[in-house]
Amino acid sequence: MKILTLLRESRASNRKLLAVLIDPDKVKDEKSTMDLILHYEKCAVDIYLVGGSLLTSSHMPDIIDLMKAKTEKPVVIFPGSQLHIHSNADGLLLLSLISGRNADLLIGKHVEAAPFLKKSGIEVLPTGYILVGDSNSTTVAYMSQTTPIPYSKSDIASCTAMAGEMLGLKVIYLDAGSGATSEVTPSMILEVKKSIEIPLIVGGGIDTVEKADVAWKAGADMIVIGTALEKNPAFVEEVVKVRDQLQN
């Protein structure tokens, strides 16, 4: 099944999805990567994201190859640059930073990546990326040189998401950023959800089961957890239980 089809069908049926984000810079070696993948497989996560705002290592292709050998779940690249492309992945979130006004991250880098993406043959998911927060303290805010939409400005986030959908983007991603001290507010998730007809992904700052539960109930079709798992890999088991309870 195509990844976009999975997201659309999950939205239509109100089935909640869980994605885990693996940052290649945070993985120590092949054994620890394998242990992590097997743990996530046992917990039955829905989608794997690989990448980050800043990659200083060259491990991403190796990690993707390991994952593809051990899972049937979609392995999707979360790119920090146009160089983060690997044909063995199932798909790539083609992130257009629609909350900012950095032309390179709206379209510039996409132009450079386009021929490589087309040649790779992987599924490309045109994604409206909306950065949320009250400061520039996260890596993605610093690297993108853009100002996040404040947590209290749900109307701006909603209009931004609507514009992204009207421009033809297929997914909206609300992100507080890696290592965020606060998560996207439920009021913002709810307002954005009501304003669009395409799948909504929410990530950043989700480090408790209560926050995961609230994000899903507010309208997230899929949540992404990453930093919290780097600190406590067992956290995924608790989140999966919440997801499964919401399906009943």
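Our subject is the structure that appears above.
Values in this document were obtained by computation on a predicted structure and should not be read as measured data.

Each value, and the rule that gives it
Residues numbered from 1 in each chain as written. Predicted model: local features only at pLDDT ≥ 70, side-chain atom pairs only at ≥ 80, totals over all residues. Heavy atoms only, no water. Salt bridge = Lys/Arg side-chain N within 4 Å of Asp/Glu carboxyl O. Helix = DSSP H or I, 4+ residues; strand = E, 2+ residues; numbered from the N terminus. Buried < 20%, exposed > 50% of the residue type's maximum accessible area, 1.4 Å probe, protein only. Core = buried A, V, L, I, M, F, W, Y, C linked by side-chain atoms within 4.5 Å. Axes fitted to C-alpha atoms, helices over the stretch in contact; angles between N-to-C directions. Left-handed = near helix turned anticlockwise from the far one by under 90°. Contact = heavy atoms within 4.5 Å. Expected span 1.5 Å × (residues − 1). Bend = angle between axes of the 7 residues up to and from the residue. Polar contact = N/O pair within 3.5 Å; in protein donor to acceptor, adjacent residues only side chain to side chain. Pairing = 2+ DSSP bridges. Right-handed = clockwise from strand over helix to strand, strands pointing away. Phe/Tyr/Trp six-rings, centres within 6.5 Å; stacked < 30°, edge-to-face > 60°.

Chemist: If you had to explain the pattern of salt bridges to someone new, which residues and values would you point to?
Modeler: This model, assessed by the stated rule, comprises 12 salt bridges. Between Lys-26 and Glu-230 there is a salt bridge, with the nearest N and O atoms lying 3.3 Å from each other. Taken together, the residues Lys-26 in the loop between strand S1 (17-22) and helix H2 (30-43) and Glu-230 in helix H9 (residues 227-231) connect sequence positions 204 residues apart. A salt bridge links Asp-90 to Lys-68, with the nearest nitrogen and oxygen atoms 2.8 Å apart. Pair noted here: Asp-90 is in the loop between strand S3 (75-78) and strand S4 (91-97) and Lys-68 is in helix H3 (residues 60-70), with a separation of 22 residues, a long-range link. On the basis of relative accessibility, which here comes to 25%, the residue Lys-68 falls in the partly exposed class. Within this structure, Arg-15, Asp-46, Arg-243 and Asp-244 form a network of salt bridges that share partners.

Chemist: Which residues make up the nonpolar core, and what are the values?
Modeler: By size, the foremost hydrophobic cluster in this structure holds 59 residues, and its most contacted members are Leu-18, Ile-172, Leu-174, Val-192, Ile-223 and Val-236. By size, the runner-up hydrophobic cluster in this structure holds 24 residues, among which are Leu-125, Val-140, Ala-141 and Ile-201.

Chemist: Describe the packing of helix H8 (residues 209-218) against helix H10 (residues 235-247), with residues and values.
Modeler: The description of two packed helices rests on the angle between their axes and on the distance between the axes. Direction vectors running N to C along H8 and H10 enclose 35 degrees, while the axes themselves pass 9 Å from each other. Between H8 and H10 lies a crossing whose hand is right-handed. Contact residues: H8 offers Val-209, Ala-212, Asp-213, Trp-216 and Lys-217, while H10 offers Phe-235, Glu-238, Val-239, Val-242, Arg-243 and Leu-246.

Chemist: Account for helix H4 (residues 103-120), with residues named and values stated.
Modeler: Look at H4: 25 Å from first C-alpha to last across 18 residues, which is about the 26 Å you get at 1.5 Å a residue. A bend of about 45 degrees at Ala-113 is the largest found in H4, and the proline Pro-115 appears one to four places after it. Restricting attention to buried positions, one finds in H4 the residues Gly-108, His-110, Ala-113, Leu-117 and Ser-120. The inward-facing, buried residues of H4 abut S4 and strand S5 (123-131). If you check the start of H4, you find a side-chain oxygen 3.0 Å away from the backbone N of Asp-104, and it comes from Asn-102. A positive phi of about 80 degrees marks Gly-121, the residue just after H4.

Chemist: So what's going on with the sheet that holds strand S2 (residues 47-51)? Residues and values would help.
Modeler: With respect to topology, eight strands assemble into a closed barrel ordered S1-S2-S3-S4-S5-S6-S7-S8, the strand pairing being parallel. In this sheet, adjacent strand axes meet at a mean angle of 30 degrees when their direction is disregarded. Examined bridge by bridge, S5 and strand S6 (residues 171-175) share five bridges and lie parallel to one another. The partner of Leu-131 across the bridge, within S6, is Asp-175. Where H8 meets the sheet, its contacts fall on S1 and strand S8 (222-225), and the angle it forms with S8 comes to roughly 155 degrees.

Chemist: Go over the pairing of strand S7 (residues 200-203), please, and point to the residues and values.
Modeler: Burial along S7 is two-sided: Leu-200 and Val-202 facing one way and Ile-201 and Gly-203 facing the other are all buried. Handedness of the S6-helix H7 (residues 186-195)-S7 crossover: right-handed. Across three bridges, the pairing between S7 and S8 is parallel. By the bridge assignment, Val-202 is partnered in S8 with Ile-223. In this fold, the crossover linking S7 to S8 by way of H8 has right-handed handedness.

Chemist: Requested: an account of the packing of aromatic side chains, with residues and values cited.
Modeler: Enumeration over the complete set of coordinates arrives at four aromatic pairs. Both rings, one in Phe-78 and one in Tyr-129, keep their centres 6.1 Å apart while their planes meet at 70 degrees; by these two values the pair is edge-to-face. Of this pair, Phe-78 sits in strand S3 while Tyr-129 sits in strand S5; the two residues are 51 residues apart in sequence, bridging distant segments of the chain. The class of Phe-78 is buried, set by a relative accessible area of 5%. With a centroid separation of 5.4 Å and 80 degrees between ring planes, the pair formed by Tyr-129 and Tyr-173 is classed as edge-to-face. Here Tyr-129, found in strand S5, pairs with Tyr-173, found in strand S6; they are 44 residues apart in sequence, far enough to count as distant. The exposure classification of Tyr-129 matches that of Tyr-173, with both residues buried.

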